[in-house]
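# An overview of the molecular structure
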Amino acid sequence: MTDIFTILKNVSVNHQPVAGTEIVVTDVQGKPNGLLTDLVHDLINDALLFVNLAEIATADDLIDRLHAHTPLPDDVLEEYAKILAERCYGLNFAPQKGQIEIIVHR
């Protein structure tokens, strides 16, 4: 098993980092989790603009870097830390929808 940080760091589309609009967080039955999907979108579209994931080894390093280089409040960074640590049980590529589904047990 892996976590969302590892997925975001290592999965690419056409050799480019995944875009927020491509990611959907689902449960094992494929039902989308809107809250987790929104958090991942916020993280990709806002916070990751300030860092290069290729230079970061762990989710904790990412949160530390965001804390040092962004005005994001502590409560937002805590939510990002939780989503980055969320365990993933697989990926589902849905090209007809233009989506990559990150499967979690929620």
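See the structure above.
Residues numbered from 1 in each chain as written. Predicted model: local features only at pLDDT ≥ 70, side-chain atom pairs only at ≥ 80, totals over all residues. Heavy atoms only, no water.

## Concerning the environment of valine 13
The condition that has to hold: Numbering goes from the N terminus for both helices and strands, where a helix is a DSSP run of H or I of at least four residues and a strand is a run of E of at least two. In what follows, residue pairs with any heavy atoms lying within 4.5 Å of each other are defined as contacts.
Structurally, the position occupied by valine 13 is in strand E2 (residues 12-13). Expressed as a C-alpha distance, the spacing of valine 13 and isoleucine 100, which sit 87 residues apart in the sequence, is 9.6 Å. Contact partners of valine 13, with chain neighbours within four places excluded, come to Val18, Glu22 and Ile100.

## Considering the side chain of glutamate 22
Note the threshold: Buried residues are those whose accessible area, probed at 1.4 Å on protein chains only, stays under 20% of the maximum for their type, while exposed residues exceed 50% and partly exposed ones sit between those limits. Positive charges are assigned to Lys and Arg, negative charges to Asp and Glu, while His and the chain termini are left out of the count. Any carboxyl oxygen of Asp or Glu that lies within 4 Å of a side-chain nitrogen of Lys or Arg is treated as forming a salt bridge with it. Two N or O atoms count as a polar contact when they lie within 3.5 Å, although within protein this holds only if one can serve as hydrogen donor and the other as acceptor, and sequence-adjacent residues are included solely when both atoms are side-chain atoms.
Among the secondary structure elements, glutamate 22 is positioned in the loop between strand E3 (16-17) and strand E4 (23-26). The buried charged residue glutamate 22 lacks any salt bridge partner; its closest oppositely charged side chain belongs to lysine 97, at an N-O distance of 15 Å. Of the polar contacts made by the side chain of glutamate 22, one reaches the backbone nitrogen of alanine 19; its length is 2.8 Å. The contacts of glutamate 22, once residues within four sequence positions are left out, are Val13, Gly98, Gln99 and Ile100.

## Some points on a nonpolar patch on the surface
Test applied: Patch membership needs two things, relative accessible area over 30% and no salt bridge, and members are linked within 9 Å if like-charged or within 5 Å if nonpolar (Val, Leu, Ile, Met, Phe, Trp, Tyr). Note on areas: Shrake-Rupley with a 1.4 Å probe; residue coverage comes only from the protein chains shown.
Together, Met1, Val28 and Tyr89 line one region of the surface with nonpolar side chains, adding up to about 340 Å² of accessible area. Residue placement: valine 28 occurs in the loop between E4 and helix H2 (34-45). Judged by relative accessible area, which is 43%, valine 28 ranks as partly exposed.

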